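# Structure assessment
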Protein chains: 2
Amino acid sequence: MNPKIEKLIKLFARLPRVGNRGGQRIALALLQDKTGRGNALASAIIDAMENIAPCPNCGVLTDRGGGVCEFCRDASRQNGGLCIVRDLSDVWTLEKSSVFHGRYHIIGGLLSGASGVLPQDLNIQNLASRIAAEKITEIIFALPNTVEGKTTQHYIMSVLSDCSEVAFTELASGVPLGGELDYIDDGTLSLAFGGRKSL
Amino acid sequence: MNPKIEKLIKLFARLPRVGNRGGQRIALALLQDKTGRGNALASAIIDAMENIAPCPNCGVLTDRGGGVCEFCRDASRQNGGLCIVRDLSDVWTLEKSSVFHGRYHIIGGLLSGASGVLPQDLNIQNLASRIAAEKITEIIFALPNTVEGKTTQHYIMSVLSDCSEVAFTELASGVPLGGELDYIDDGTLSLAFGGRKSL
């Protein structure tokens, strides 16, 4: 195979959920396209790589050198709520569902002995100062409902133990909407039982 | 969402088998990557778009301005066999299986009233001259086993009806290796019965 095409396929194949076959299809589609899609994609990548950086306040990717991000600029979002998430895709998911209209804080990972993620790797250094500066009254943990997620959540709570005026909350665990009991794992069922509500 | 990121996601999402969710994951992976994967990908795309073009002889994508492709240059492949395929991914599939060691000819599409592909859209103008110049003795049709594939095959045979010294063959139809009869469609079964071999 032509080395230029092979290199292109390899680079595409390494992207999330693409793989070798997908990389071949994408490379062929771009090379056979006559509308300049390939060059448009290349310049969009370069533009984004050069001009996008994490918001210095909350970690959401935004225009480099443009100060804080759209969420941190939006005064209507300074309503006391701060949602702690792992990464930007979680922000997008929450924004799409419109369940939350406050500020976000992206910590960028979860504590994990297996992957070697340590407390200093988390973006939490400015959390205490944000709580004071943005008058945060509730911190909502929207981290994955896994051992790593819960460990990270407990660690952050211990770091913020001095912030006595802040309420800490986490998303409810339980049976998902439309979930049938025989398809639900024991762990979820146990959490749903433990958290049952009176009617 | 930041317009630069949104644009990047949209361009990725339009690639084959990526979609909106995949586009989001890819864009995030590139933007959060610290090893320069994004810029490497962008320059590989630009390099390929600028320097890759179809081989003037057979249509396989190759270095622009470098004459004919690796297959057409390789004298050991001038053995009288010419395999007609729809596109480059078919060439890659055949090459991987090592069943054929001859020359290829990519026609670039299949005749189809529905998609408006006409005879002049097929890359077959130089087929007759290739047969003479490269001493082709057998043309192997490896087009999709569909109505469009067979229509295109018959059309090409009619165009080449003057080449009486060439044998035309097509790939065998039948039960795939490991195929169980109750999972095979009636059309394939009928072809397999019609083409049954004596033992």
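You'll find the structure just up there.
Overview of the structure. (Residues numbered from 1 in each chain as written. Chains lettered and ligands numbered in written order. Predicted model: local features only at pLDDT ≥ 70, side-chain atom pairs only at ≥ 80, totals over all residues. Heavy atoms only, no water.)

### A closer look at the relation of the copies chain A and chain B
For the pair chain A and chain B, the best superposition has an RMSD of 0.1 Å and corresponds to a rotation of 180 degrees with a translation of 0.1 Å parallel to the axis. Taken together, the rotation and translation relating the two chain copies correspond to the operation of a two-fold axis. For chain A, the smallest separation between a C-alpha atom and the rotation axis is recorded for A42 of chain A, amounting to 2.2 Å. Most of the interface of chain A is mirrored in chain B, where 100% of its interface residues again form contacts. (Least-squares fit on C-alpha atoms with pLDDT ≥ 70 in both. Contact = heavy atoms within 4.5 Å.)

### A look at the pattern of salt bridges
Any two side chains of opposite charge can pair, given that their charged atoms come close. Evaluated as defined, the whole model comprises 14 salt bridges over all chains. Here R103 of chain B makes a salt bridge to E134 of chain B, at a shortest N to O gap of 2.7 Å. Placement of the pair is R103 of chain B in strand β4 (residues 103–106) and E134 of chain B in the loop between α6 (127–133) and β5 (138–141), with a sequence separation of 31 residues. For the pair R103 of chain B and E134 of chain B, a shared accessibility class is recorded, and that class is buried. Each member of the salt-bridge network shares a partner with another, and the members are D74, R77 and E95 of chain A. (Salt bridge = Lys/Arg side-chain N within 4 Å of Asp/Glu carboxyl O. Helix = DSSP H or I, 4+ residues; strand = E, 2+ residues; numbered from the N terminus. Buried < 20%, exposed > 50% of the residue type's maximum accessible area, 1.4 Å probe, protein only.)

### With respect to the nonpolar core
By size, the foremost hydrophobic cluster in this structure holds 74 residues, and its most contacted members are F12, L41 and I45 of chain A together with F12, L41 and I45 of chain B. In contact with F12 of chain A, not counting residues within four places along its chain, are V18, G23, I26, L30 and L41 of chain A together with F12, L15, L41 and I45 of chain B. (Core = buried A, V, L, I, M, F, W, Y, C linked by side-chain atoms within 4.5 Å.)

### With respect to the interface of chain A and chain B
Taken residue by residue, the interface counts 45 residues in chain A and 45 residues in chain B. With both sides pooled, the region where chain A packs onto chain B buries about 4600 Å², and carbon together with sulfur makes up 72% of that total. Of all residues in chain A, K4, M49 and W92 of chain A give up the largest surface area on contact with chain B, accounting jointly for 15% of the area buried on that side. On inspection of chain A and its partner chain B, the count reaches 2 salt bridges. A salt bridge links D63 of chain B to K4 of chain A; the nearest nitrogen and oxygen atoms lie 3.7 Å apart. The tally of links between chain A and chain B comes to 6 residue pairs in polar contact (both at pLDDT 80 or more). Breaking the side of chain A that touches chain B down by element, the ones donating at least two residues are α1 (3–13), α2 (19–32), α3 (37–51), β2 (61–63) and α5 (88–97) of chain A. No other element matches the 13 residues that α3 of chain A contributes to the side of chain A that touches chain B. Residues that form the side of chain A that touches chain B fall into these classes: 26 nonpolar, 9 polar and 10 charged. (Buried area = accessible area lost by both parts, 1.4 Å probe. Polar contact = N/O pair within 3.5 Å; in protein donor to acceptor, adjacent residues only side chain to side chain. Nonpolar A, V, L, I, M, F, W, Y, C, P; charged D, E, K, R; others polar.)

### Digging into the state of the cysteines
All names here are of chain A. Within the structure shown, the criterion is met by 0 disulfides over all chains. For C55, which is in no disulfide, the shortest distance to another cysteine sulfur is to C58 and amounts to 3.8 Å. A residue is classified by how much of its surface remains accessible, and C55, at 4% relative accessible area, is buried. Here C69 stays unpaired: no disulfide links it, and the sulfur of C58, its closest cysteine neighbor, is 3.5 Å away. By relative accessible area, C69 is classed as buried at 0%. (Disulfide = S-S within 2.5 Å.)

Worth remembering: the numbers are spatial, not functional.
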